[in-house]
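# Understanding the architecture of this molecule
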Amino acid sequence: MPKISVPIVTEAPQDLVRMSVAKDKSLQDCGFILRHQANPTLQTSGKVPIFAPLNNISGATTSMCTTILAGAKATADGSLIIARSADSDALKAQHMIFHKARKPAKLYSTSDFGGANQFEYRLPKKGYSYTTVPYWKTGLHGATGWNSKGVGITGTESIFAKDEALAYDPYVKEIGITEDDIPDVILPQAKTARHGAELLGRIVSTTGCAEGFGVAFVDSKEIWYLETATAHHWLAVRLPDACAFGSANQGRLQAYNAADTDNFMASDKLAEFAIAN
């Protein structure tokens, strides 16, 4: 894994989220690093959320996303890092949006933005403020961001399930959640990285997903990574502190211990479904 240097990009009090977006037009692919920094150079205490550009860290042009995660004991300064290159054209302009905290409940509908399908989700009262970096023309596919609770997210890593598995549980193309929706649905309500993964998993289990994906979540204490298997099945794993993880458009999670609820979450009867199908 190459060394990654992430600068502190603005000066702000510790309880504020710090963010910067940059894009190298000479590169076809770009992406973002989200880091909870253990030892910031500014005079602040605790772990500070950092957001900075990730420009093709492998040094090679790719055609699809690549996710890299690093636990606190896998980095030189104890930071927790989630990073993802994006499979977008360099001329696809994205801009950062700050979404204010919201008091009333709200019905989120991807069709309001001209999205891919008719996915809808009732957001609860008292939503947190958060940021996203969507396509400027549509406001869809927020891609990455932080909320006011210090929870960060990046998604998605596209995953392609086997046709044989999808024959038993096909994607819910008409109303399932897609990468267009995830940040705007999860960030307003996620209290921790684990809670974010749990919320997304609950949506996949009930409404279903319209495509396969992997999504990373980070807070000041830990990283969680969720992968879908089929329309209604998923597995989420807490990244071990001393672990670095990479994925490029394939399902990577294999080990699952249903009894270890501190480190694993999954859809109901995931193992039984895998064995049967």
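Structure: see above.
Residues numbered from 1 in each chain as written. Predicted model: local features only at pLDDT ≥ 70, side-chain atom pairs only at ≥ 80, totals over all residues. Heavy atoms only, no water.

## Re the pairing of strand β13 (residues 234-238)
Applicable threshold: For every residue, the accessible area obtained with a 1.4 Å probe (protein chains only) is divided by the maximum for its type, and the residue is called buried under 20%, exposed over 50%, and partly exposed between those limits. The numbering of helices and of strands both runs from the N terminus, where a helix is a DSSP run of H or I of at least 4 residues and a strand a run of E of at least 2. The criterion for strand pairing is that DSSP finds at least two bridges linking the strands in question.
Most of β13 sits inside the fold, with five of its five residues counted as buried. Of the two faces of β13, both are covered, the one formed by W234, A236 and R238 as well as the one formed by L235 and V237. Pairing between strand β12 (residues 223-228) and β13: five bridges, direction antiparallel. If you follow W224 over to β13, its bridge partner there is R238. Taken together, the three bridges between β13 and strand β15 (residues 264-266) define a ladder with antiparallel strand orientation. Paired with V237 across the strands is F264, a residue of β15.

## A closer look at the nonpolar core
What counts here: The definition of a nonpolar core used throughout is a set of buried Ala, Val, Leu, Ile, Met, Phe, Trp, Tyr and Cys residues joined through side-chain atoms within 4.5 Å. Residues count as neighbours in contact if any of their non-hydrogen atoms are within 4.5 Å of one another.
If you look at the biggest cluster of nonpolar residues, it comprises 34 residues, and the most contacted ones within it are I177, I182, I186, L200, F213 and F217. Contributions of two or more residues to this core are made by β7 (120-123), α2 (182-186), α3 (193-206), β11 (213-218), β12 and β13. Per-element accounting of this core gives the leading share, six residues, to α3. Excluding residues that lie within four positions of it along the chain, F217 makes contacts with I82, G152, I153, I186, A193, G196, A197, L200, E222, I223, W224 and L226. Among the nonpolar cores identified, the runner-up in size contains ten residues, and L80, I82, V218 and L239 belong to it.

## Overview of the side chain of T154
Just so we agree on the cut-off: Side-chain atoms alone can form a polar contact between residues adjacent in sequence; in general such a contact is a pair of N or O atoms within 3.5 Å, and within protein one must be able to donate a hydrogen while the other accepts it.
With respect to the secondary-structure elements, T154 resides in strand β10 (residues 152-158). You can call T154 buried: its relative accessible area is 2%. Looking at T154, its side chain comes within polar contact range of the side chain of R84, at 2.8 Å.

## Notes on unusual backbone geometry
The step from G155 to T156 runs through a cis peptide bond, and the omega angle for that step is 15 degrees. The residue T156 is located in strand β10 in this model. Backbone geometry at K126 places phi at a positive 60 degrees, although glycine is not the residue there. The residue K126 is located in the loop between β7 and β8 (130-132) in this model. Although it is not a glycine, N249 adopts a positive phi angle of roughly 65 degrees. Counting through the fold element by element, N249 comes out in the loop between β14 (244-247) and β15. By relative accessible area, which is 13% here, N249 ends up buried.

## Remarks on the sheet that holds β10
What counts here: Under this scheme, a helix contributes an axis fitted over its contacting stretch, all axes are lines through C-alpha atoms, and angles between N-to-C directions fall in the 0 to 180 degree range.
In space, the six strands of this open sheet follow the order β9-β10-β11-β12-β13-β15, with antiparallel pairing throughout. The open sheet is flanked by β9 (144-146) and β15, the only strands paired with a single partner. On average, adjacent strands in this sheet sit at an angle of 15 degrees to one another, irrespective of strand direction. Relative to β11, β10 is paired through six bridges, and the arrangement is antiparallel. When the sheet's bridge partners are listed, E157 is paired in β11 with G214. Here α3 sits on the sheet in contact with β11, β12, β13 and β15, set at roughly 155 degrees to β11.

## Thoughts on the pairing of strand β3 (residues 66-70)
Where burial is concerned, most of β3 is hidden: four out of the five residues are buried. With four bridges joining them, β3 and β14 adopt antiparallel strand pairing. Residue A70 lies in a different strand from β14, and its bridge partner there is A244.

## Things to note about the environment of F98
In this structure, F98 sits in strand β5 (residues 97-99). For F98, a relative accessible area of 54% gives the class exposed. Distance in space between the C-alpha atoms of F98 and T132 is 6.9 Å, their sequence separation being 34 residues. Excluding residues within four positions of it along the chain, F98 makes contact with S129, Y130 and T131.

## Section: the pattern of salt bridges
Condition: Any carboxyl oxygen of Asp or Glu that lies within 4 Å of a side-chain nitrogen of Lys or Arg is treated as forming a salt bridge with it.
Throughout the structure, instances matching the rule amount to three salt bridges. The partner of R238 in a salt bridge is E222, and the shortest N-O contact between them spans 2.8 Å. Placement of R238 in strand β13 and of E222 in the loop between β11 and β12 is noted, with a sequence separation of 16 residues between them. The class for E222 is buried, based on a relative accessible area of 17%. A salt bridge links D241 to R238; the nearest nitrogen and oxygen atoms lie 3.0 Å apart. Residue D241 is classed as partly exposed on the basis of its relative accessible area of 27%. The exposure class of R238 is buried, given its relative accessible area of 16%.

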